[in-house]
Amino acid sequence: MHPQDLRIVYRHFPLPSIHDKAILAAEAAEAAGEQGAFWAMHDLLYTRYQDWASLSPEGFQAWLVERAEGLGLDAEAFAQSLATHRHRPKVEAALRQALELGLPGTPTMFINGELVRFGPDIRLLEAAVRLALLRPRQLEEPPPLTLKEDRIYLATLHFDVGDVLIEIHPQWAPQAATVFVFLAQNGWYDSNIVHRVLPGTLVELGDPTGTGYGIAGFFYDLETDSEVTFVEPGMVAMSAASPTTNASQFFITLTPLPQLNGTRSIFGRVVAGLEFLAALPAREPLENLLEPPGATLLSISIGEP
Amino acid sequence: MAKSPPFWQVTVGHWAPALAWALIPMALAACKPAPSPTAAATAVPFPTSLPSPAITATARPSILPPAHTPTPSVKAVPTATPFLLPPVGQGDWSRGPEQAAVTLVVYSDFQ
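Values in this document were obtained by computation on a predicted structure and should not be read as measured data. Along every chain, residues carry numbers that run from 1 in the direction the sequence is written. Written order determines the labels here, with chains lettered from A and ligands numbered from 1. In keeping with the model being predicted, local features are shown solely for residues with a pLDDT of at least 70 and side-chain atom pairs are shown and tallied solely at 80 or more, while totals for entire chains, interfaces and linings include all residues.

## Looking at helix 4 (residues 57-70) of chain A
Residues separated by three or four positions in an α-helix point in the same direction, a consequence of the helix having 3.6 residues per turn.
All names here are of chain A.
Working step 1: For helix 4, spanning 14 residues, the distance from its first C-alpha to its last is 20 Å, which sits close to the expected 20 Å at 1.5 Å a residue.
Working step 2: Put plainly, a residue is buried at 20 or more neighbouring C-beta atoms within 10 Å of its own, exposed at 12 or fewer, and partly exposed in between, counting only other residues' C-beta atoms, which are placed from the backbone. Helix and strand definitions follow DSSP, with helices as H or I runs of at least four residues and strands as E runs of at least two, each counted in order from the N terminus. Along helix 4, the residues that are buried comprise F60, L64, R67 and A68. Looking straight down helix 4, one finds that the buried residues subtend no more than 115° of arc, so they occupy a single side. The exposed residues of helix 4 that point more than 90 degrees off its buried face are E58, G59, E66 and E69.
Working step 3: Think of it this way: build a C-beta for each residue from its backbone, and any pair within 7 Å is a contact. Those residues of helix 4 that are buried lie in contact with helix 1 (22-34), helix 2 (38-47), helix 3 (49-52) and helix 5 (75-83).
Working step 4: Trailing helix 4 by a residue or two, G72 shows a phi angle of about 80°, which is positive. For a helix, the expected span equals 1.5 Å multiplied by the residue count minus one. For this quantity, the arc is that covered by the directions from the helix axis to the C-beta atoms.

## Re the pairing of strand 10 (residues 235-242) of chain A
All names here are of chain A.
Working step 1: Counting buried positions along strand 10 gives eight out of eight residues, so the element sits mostly inside the fold.
Working step 2: For two strands to be treated as a pair, DSSP must find at least two bridges joining them. Bridge count between strand 10 and strand 12 (residues 266-272): three bridges; the pairing is antiparallel. Each bridged residue has a counterpart across the sheet, and for M235 the counterpart in strand 12 is R269.
Working step 3: The sheet contact formed by strand 10 and strand 11 (residues 245-253) spans five bridges and is antiparallel. Directly across from V236, in strand 11, lies its bridge partner I252.

## Examining helix 8 (residues 174-185) of chain A
Working step 1: Helix length check: helix 8 of chain A (12 residues) gives 16 Å between terminal C-alpha atoms against 16 Å at 1.5 Å per residue, within 8%.
Working step 2: Looking only at helix 8 of chain A, the buried set comprises A:Q175, A:A176, A:A177, A:T178, A:V179, A:F180, A:V181, A:F182, A:L183 and A:A184.

## A short note on the pairing of strand 12 of chain A
Residue and element names in this part refer to chain A.
Working step 1: Of all the seven residues making up strand 12, five are buried; the element is thus mostly covered by neighbouring parts of the structure.
Working step 2: Bridge analysis of strand 5 (residues 162-168) against strand 12 gives four bridges, and the strand direction is antiparallel. Across the sheet, residue E167 finds its bridge partner in strand 12, namely R269.

## Some thoughts on the nonpolar core
For soluble globular proteins, the rule of thumb is that nonpolar side chains tend to be buried together.
All names here are of chain A.
Working step 1: Formed by 54 residues in total, the largest nonpolar core has its most connected members in F180, V203, V236 and F267.
Working step 2: In terms of residues, this core owes the most to one element, helix 8, which gives eight residues.
Working step 3: Apart from the residues within four sequence positions on either side, F180 is in contact with I168, F250 and F267. As used here, a nonpolar core is made of buried Ala, Val, Leu, Ile, Met, Phe, Trp, Tyr and Cys residues. They are joined through C-beta atoms within 7 Å.

## Quick look at the confidence of the model for chain B
Residue and element names in this part refer to chain B.
Working step 1: A score between 0 and 100, pLDDT records how confident the predictor is in each residue. Of all residues in chain B, 27% attain a pLDDT of 70 or more, and the chain-wide mean is 50.
Working step 2: The weakest mean pLDDT in chain B belongs to helix 4 (residues 53-56) at 29; the strongest belongs to strand 1 (residues 93-95) at 95.
Working step 3: Predicted confidence is poor over residues 1-78, with pLDDT under 50, and the contacts of this stretch with residues over four places away or in other chains come to 148 contacts.
Working step 4: Here the prediction assigns the complex a pTM of 0.70, and the interface score ipTM is 0.75.

## Looking at the sheet that holds strand 2 (residues 102-108) of chain B
Working step 1: Strands sit in the order 3(A)-2(A)-2(B)-1(A)-1(B) across an open sheet of five strands; the sheet is mixed. Two strands close off the open sheet at either side, each with one partner strand: strand 3 (114-115) of chain A together with strand 1 of chain B.
Working step 2: Here strand 2 (residues 108-111) of chain A runs beside strand 2 of chain B; their pairing, made up of four bridges, is antiparallel. The partner of A:F110 across the bridge, within strand 2 of chain B, is B:V105.
Working step 3: Whenever a helix is involved, its axis is fitted only over the stretch in contact; in every case the axis is a line through C-alpha atoms, and angles between N-to-C directions fall within 0 to 180 degrees. Strands in contact with helix 6 (residues 88-101) of chain A are strand 1 (6-12) of chain A together with strand 2 of chain B; relative to strand 1 of chain A, the strand with the most contacts, it is inclined by about 100°.

## Quick notes on unusual backbone geometry
All names here are of chain A.
Working step 1: The peptide bond linking T106 to P107 adopts the cis configuration, its omega dihedral lying at -10°.
Working step 2: Looking at the secondary structure, you find P107 in the loop between helix 6 and strand 2.
Working step 3: Located in the positive-phi region is N112, a residue other than glycine, with phi close to 50°.
Working step 4: For N112, the position within the fold is in the loop between strand 2 and strand 3.
Working step 5: Overall, N112 belongs to the partly exposed group, with 18 C-beta atoms counted inside 10 Å.

## Description of the environment of A:S299
Residue and element names in this part refer to chain A.
Working step 1: Here S299 shows up in strand 13 (residues 296-303).
Working step 2: The class for S299 is partly exposed, based on 14 C-beta atoms found within 10 Å.
Working step 3: Residues S299 and S191, spaced 108 residues apart in sequence, show a C-alpha to C-alpha distance of 6.6 Å.
Working step 4: Those residues within four positions of S299 in sequence are excluded, and the remaining contacts are H158 and D190.

## Section: the packing of helix 1 of chain A against helix 6 of chain A
What describes two packed helices is the angle between their axes and the distance between those same axes.
All names here are of chain A.
Working step 1: Following both chains from N to C, one finds helix 1 and helix 6 inclined at 120°, their axes separated by 9 Å at the closest point. By the angle between their directions, the pair helix 1 and helix 6 is classed as oblique. Helix 6 is crossed by helix 1, and the crossing has right-handed handedness. For the pair helix 1 and helix 6, the contacting residues are I23, A26, E27 and E30 in the first and R88, K90 and V91 in the second.
Working step 2: The classification used treats Ala, Val, Leu, Ile, Met, Phe, Trp, Tyr, Cys and Pro as nonpolar, Asp, Glu, Lys and Arg as charged, and all other residues, Gly among them, as polar. Here the residues of the contact of helix 1 with helix 6 are counted per class, giving three nonpolar, no polar and four charged. When describing relative orientation, an angle under 35 degrees is termed roughly parallel and one over 145 degrees roughly antiparallel, while 65 to 115 degrees is termed roughly perpendicular and anything else oblique. By convention, the crossing between two helices is left-handed when the near helix turns anticlockwise from the far helix through less than a right angle, and right-handed when the turn is clockwise.

Here is the structure:
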């Protein structure tokens, strides 16, 4: 995943007190690395873990030498490196360094220098990488108000499953409407998946990462209009960033949701195509992160008033 | 030689899967869906401890009414890491482009 955007750095943190072959495995990776095959050995050690986990250290060493040829290594030189523990000082130095850092255990991971504070779950790692990639695109400030409040704008949301036509009403929530139009015109929403689907209730989108955590970077105050409520399906509103602020994700309702009245900034309503969204299967952004989306918003065209 | 499997696929199976799976519900609890309109209106804890600095750096744009003090309407400051990592250098084993936007440093044990 992310071949252009992701660099992975491996540092040894072998725990000899609980793992009898940890040092030897690290030495084997170094010995393979000496012949340009560090990652091949790294991958072998992980993918074939079940094959060597229960071997004795001597048996493991023999197993490693047997595998060396399969990795295209000079097996004799590899065996020699292991037998003489040529790389042990380097591995032990790495261990000392990891202990001095006070790392809590293995694996400990850092994304752009920041500690990854969750278990090594692939979906959370994927989410963290996507969020890190989003950062350079984020903005500091919401756009200035530019829409005419006495006009209604038409937005066509081009989904892969069909077009959804939305009326944007700046008078209902001027800042929220402006943010939506500004981000739509600048491509922020292009290729966004529908990241949350509560069937029969609502769909949420507007997060380029599809994680449910990605936002354009700025916040602004909640705007509500007591005349405009979640009285019918098809209301379009900003998702809350906090009880009093909005960001850039938005949702479209599939049913009346009066319990949300006064808590979300409604800035538009669907006038056609809601059936495409109503047909989507349930989705939770993080739980289903690696699964294909039910729908993708390809682009938005905004009609001039 | 067969293409090396991606790092994640290789490692995830090995890294204490039980622990990982135990942590997922914790991480996801904050994002628990509201299964019905009624539930959507009930207070769902706003995630105060999110799974990563990358994630804590952004407020959660939840549709679910949060039940905690408001997030300041400024960009959140990423939590400073208490670990002074040596910079990635020539002595490191790395794969992926040097200029990659994201660098993942893994301190790990093969066993």
